Amino acid sequence: MSTMPPLHTPELPAGPRFAIDRRMCVAANRWGTRRAVGVFFGIISRLGDGVFWYSLMAVLALLDGRRGLLAAAQMAITGLTALLLYRLLKRWTRRPRPFRACPGVIAHVPPLDEFSFPSGHTLQAVSFTIVALAWYPLLAPLLLTFTALVGASRVILGLHYPSDVIAATVIGSAIGALSLWLLPLHMLVA
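The shown structure was predicted, so the numbers you read here are calculated from the model rather than taken from an experiment. (Residues numbered from 1 in each chain as written. Predicted model: local features only at pLDDT ≥ 70, side-chain atom pairs only at ≥ 80, totals over all residues. Heavy atoms only, no water.)

### Quick look at the confidence of the model for the protein
The predicted coordinates ought not to be read in detail in places where the model reports low pLDDT. Chain-level statistics for the protein give a pLDDT mean of 88 and a share of 87% at 70 or above. Element-level pLDDT for the protein is lowest in helix 8 (residues 185-189), with a mean of 65, against a maximum mean of 97 in helix 6 (residues 140-156). Taken as a whole, residues 1-10 scores under 50 in pLDDT and shows 22 contacts with residues more than four places along the chain or in a different chain. (pLDDT = per-residue confidence, 0-100. Helix = DSSP H or I, 4+ residues; strand = E, 2+ residues; numbered from the N terminus. Contact = heavy atoms within 4.5 Å.)

In structure tokens form, the structure reads like this:
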């Protein structure tokens, strides 16, 4: 666990919706102070940095020939799109991370960048999962569970507000769906 020094950041908006977001964030972050919980979600978060997804793409390409290679390529294109969009949104919104703006929230792991909105880990996980499940629906138990854990880890570790994760889920779903609409499976495997 590390406590990051506060930066000069803009004030968070006031109001009941934001107060609930902050309260949920503080409560989840306190749960993460339990050693086993913090370690578990730290590992999930680290895997969500890309290790899990890149490994999955490699396994699909190696084990399922052309179909696996096409699935991995579509996941990679979708992931690149998600990466570019969430970086743009973070620079545009400039929402401070909870550990920098909410008293009582600590960062259990160091962040990969400065801003909170949206959760890039969650956005990537959701968009990758949607594309992967279109190709391999039997992976649903594994991928849906992992994706949910990635989203939870971001709040528990003090790096995101619940609204960051919810918004990232919506955006990631849209990117995954758009990928499948632009590159339908029947056209790729034909």
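### Section: the pattern of salt bridges
If you walk through the whole model with that rule in mind, you get six salt bridges. A salt bridge links Asp49 to Arg46; its shortest N-O distance comes to 2.7 Å. Here Arg46 and Asp49 lie together in helix 2 (residues 35-63), a separation of three residues that amounts to about one turn. By relative accessible area, which is 51% here, Arg46 ends up exposed. Ionic pairing is found between Asp113 and Arg97, a salt bridge with its closest N-O pair at 2.5 Å. Of this pair, Asp113 sits in the loop between helix 4 (98-101) and helix 5 (120-135) while Arg97 sits in the loop between helix 3 (65-93) and helix 4, and the two are 16 residues apart along the sequence. (Salt bridge = Lys/Arg side-chain N within 4 Å of Asp/Glu carboxyl O. Buried < 20%, exposed > 50% of the residue type's maximum accessible area, 1.4 Å probe, protein only.)

### What about the packing of helix 2 against helix 5?
Close contact between helix 2 and helix 5 brings their axes to 10 Å; oriented N to C, the two are set at 25°. For the element pair helix 2 / helix 5, the angle class is roughly parallel. Both helix 2 and helix 5 take part in a crossing whose hand is left-handed. Facing Ser45, Gly48, Asp49, Trp53, Leu56 and Met57 of helix 2, the residues of helix 5 in contact are His121, Ala125, Phe128, Thr129 and Ala132. Along the lines of polarity and charge, the residues of the contact of helix 2 with helix 5 split into six nonpolar, four polar and one charged. (Axes fitted to C-alpha atoms, helices over the stretch in contact; angles between N-to-C directions. Parallel < 35°, antiparallel > 145°, perpendicular 65-115°, else oblique. Left-handed = near helix turned anticlockwise from the far one by under 90°. Nonpolar A, V, L, I, M, F, W, Y, C, P; charged D, E, K, R; others polar.)

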